[in-house]
Amino acid sequence: AQSVAQPEDQVNVAEGNPLTVKCTYSVSGNPYLFWYVQYPNRGLQFLLKYITGDNLVKGSYGFEAEFNKSQTSFHLKKPSALVSDSALYFCAVRVFSGNTPLVFGKGTRLSVIA
Amino acid sequence: EAGVTQFPSHSVIEKGQTVTLRCDPISGHDNLYWYRRVMGKEIKFLLHFVKESKQDESGMPNNRFLAERTGGTYSTLKVQPAELEDSGVYFCASSPGTGGNQPQHFGDGTRLSIL
């Protein structure tokens, strides 16, 4: 069975500092990995994805994520946090085949403090 | 292009009543998914339509939930009768028909509160 773990419920970071939101996954097969962000009272907004190829993927709003197969991780990063990055972040995985549903982590709330 | 639209944005009903949620996917998207997030927990898959056919309904909690997608366009999710544990945010998502690497596009969700 597929699963995603986001070990931190909350991440606090000062504005201008680098941020990392952690994600590990478990799948049988090759994974497709995604990060989504949710702002208050809004739906999930796609940030970036890893399908194949370069392990470092770049996405919207200056975010990037690194796929590490040996550690089964897909941590989300940003070199310099903004207050406007404060939101709820979800990591998700699907198996490499078809339009199967996403399996989500429980989410990590990021607070960027000015 | 217009995004995924969900209606209503918020619904408050009493236990035992019926509620119907609606989702309008992005035009041309064959795949339509329903998910639910109970407060503080993971977003859980409910079911998946490909056009008008149910591809996977393994996540539906029980037979009080009925989903339809007549004509392969918008979808409805009916809860009848509603129970307290049905409270949560119901998300709809859609994606194109080709390629599993396409991201799913989500609506803003319907917040359902059962009293």
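Rules of the game
Residues numbered from 1 in each chain as written. Chains lettered and ligands numbered in written order. Predicted model: local features only at pLDDT ≥ 70, side-chain atom pairs only at ≥ 80, totals over all residues. Heavy atoms only, no water. Helix = DSSP H or I, 4+ residues; strand = E, 2+ residues; numbered from the N terminus. Buried < 20%, exposed > 50% of the residue type's maximum accessible area, 1.4 Å probe, protein only. Areas by Shrake-Rupley, 256 points an atom, 1.4 Å probe, with all protein chains shown as cover. Rg over C-alpha atoms; globule rule 2.2 N^0.38 Å. Contact = heavy atoms within 4.5 Å. Lys, Arg positive; Asp, Glu negative; His and termini not counted. Charge placed at Lys NZ, Arg CZ, Asp CG, Glu CD. Buried area = accessible area lost by both parts, 1.4 Å probe. Salt bridge = Lys/Arg side-chain N within 4 Å of Asp/Glu carboxyl O. Polar contact = N/O pair within 3.5 Å; in protein donor to acceptor, adjacent residues only side chain to side chain. Nonpolar A, V, L, I, M, F, W, Y, C, P; charged D, E, K, R; others polar. Core = buried A, V, L, I, M, F, W, Y, C linked by side-chain atoms within 4.5 Å. Pairing = 2+ DSSP bridges. Axes fitted to C-alpha atoms, helices over the stretch in contact; angles between N-to-C directions. Disulfide = S-S within 2.5 Å. Phe/Tyr/Trp six-rings, centres within 6.5 Å; stacked < 30°, edge-to-face > 60°.

Chemist: I tried to follow the overall build of chain A on my own but got confused; where do I start?
Modeler: Helix and strand counts for chain A stand at zero helices and 12 strands. Counting from the amino terminus, helix and strand elements in chain A follow one another as β-β-β-β-β-β-β-β-β-β-β-β. Along the first, second and third principal axes, the C-alpha atoms of chain A reach 40 × 30 × 20 Å. Buried positions account for 46% of the 114 residues belonging to chain A. Summed over its atoms, the accessible surface of chain A is roughly 5300 Å², and 50% of this surface lies on carbon and sulfur atoms.

Chemist: I'm lost on the overall build of chain B in this one. Help?
Modeler: On a plain count of helices and strands, chain B comes out with zero helices and 11 strands. Its helices and strands taken in sequence order, chain B reads β-β-β-β-β-β-β-β-β-β-β from the N to the C terminus. Relative to the 2.2 N^0.38 estimate, which gives 13 Å for 115 residues, the radius of gyration of chain B is 13 Å and therefore close to what a compact globule would have. Along the first, second and third principal axes, the C-alpha atoms of chain B reach 40 × 25 × 20 Å. For chain B, the proportion of its 115 residues judged to be buried stands at 46%. The long-range share in chain B, meaning contacts at least 24 apart out of those at least 6 apart in sequence, stands at 52%. Averaged over its 12 positive side-chain charges, chain B has a centre that lies 4 Å from the centre of its 13 negative ones.

Chemist: Please clarify how the interface of chain A and chain B should be interpreted in this entry.
Modeler: Between chain A and chain B, the contact holds 22 residues from the first and 23 residues from the second. A combined buried area of about 1800 Å² lies between chain A and chain B, and 52% of that area is made up of carbon and sulfur atoms. By the criterion of area lost to chain B, the three top residues of chain A are N99, P101 and F104 of chain A, representing 32% of everything that side buries. Along the contact surface separating chain A from chain B lie one salt bridge. Taking the shortest distance from any N to any O, the salt bridge between D108 of chain B and R42 of chain A comes out at 3.3 Å. Linking chain A to chain B there are seven residue pairs in polar contact (both at pLDDT 80 or more). When residues of the side of chain A that touches chain B are traced back to their parent elements, those giving at least two are β5 (31-38), β6 (44-50) and β10 (87-95) of chain A. In terms of residue count, the dominant contributor to the side of chain A that touches chain B is β5 of chain A (four residues). Split by residue class, the side of chain A that touches chain B holds 11 nonpolar, seven polar and four charged.

Chemist: I tried to follow the nonpolar core on my own but got confused; where do I start?
Modeler: As a rule of thumb, soluble globular proteins bury nonpolar side chains together. The biggest cluster of nonpolar side chains holds 26 residues, and the ones touching the most others in it are W35, L47, L48, F74, L76 and Y89 of chain A. Of all the elements in the fold, those that place two or more residues in this core are β2 (10-14), β3 (19-21), β5, β6, β8 (64-68), β9 (73-78), β10 and β12 (108-113) of chain A. Ranked by residue count, the leading element in this core is β10 of chain A, at four residues. Counting residues in each nonpolar core, the second largest holds 21 residues, with V19, L47, F49 and C92 of chain B among its members.

Chemist: Sorry, what's going on with the sheet that holds strand β8 (residues 75-79) of chain B here?
Modeler: Residue and element names in this part refer to chain B. The antiparallel open sheet is built from four strands, whose spatial order is β1-β3-β8-β7. Each of the sheet's edge strands pairs with one partner strand only, and the pair in question is β1 (5-7) and β7 (65-68). In this sheet, neighbouring strand axes are inclined to one another by 15° on average, regardless of whether the strands run parallel or antiparallel. Both strand β3 (residues 19-24) and β8 contribute to a ladder of five bridges, which runs antiparallel.

Chemist: Is there a simple way to think about the state of the cysteines in this case?
Modeler: All names here are of chain B. In this structure the tally under the stated criterion is two disulfides over all chains. The disulfide partner of C23 is C92, and the gap between their sulfur atoms is 1.8 Å. One disulfide, between C23 and C92, carries an S-S torsion of -65° and so falls in the left-handed class. Here C92 lies in strand β9 (residues 88-95) and C23 lies in strand β3, a separation of 69 residues in the sequence. When its relative accessible area of 0% is taken as the criterion, C23 is described as buried. Residue classification places C92 among the buried positions, given a relative accessible area of 0%.

Chemist: Could you clarify how one ought to interpret the packing of aromatic side chains in this entry?
Modeler: What describes a pair of aromatic rings is the distance from one ring centre to the other and the angle between the planes of the rings. Residue and element names in this part refer to chain B. Throughout the structure, instances matching the rule amount to 16 aromatic pairs over all chains. When the centroid spacing of 6.4 Å and the interplanar angle of 80° are considered together, the rings of F91 and F106 count as edge-to-face. Taken as a pair, F91 in strand β9 and F106 in strand β10 (residues 105-106) lie far apart in primary sequence, 15 residues in all. On the basis of relative accessibility, which here comes to 1%, the residue F91 falls in the buried class.

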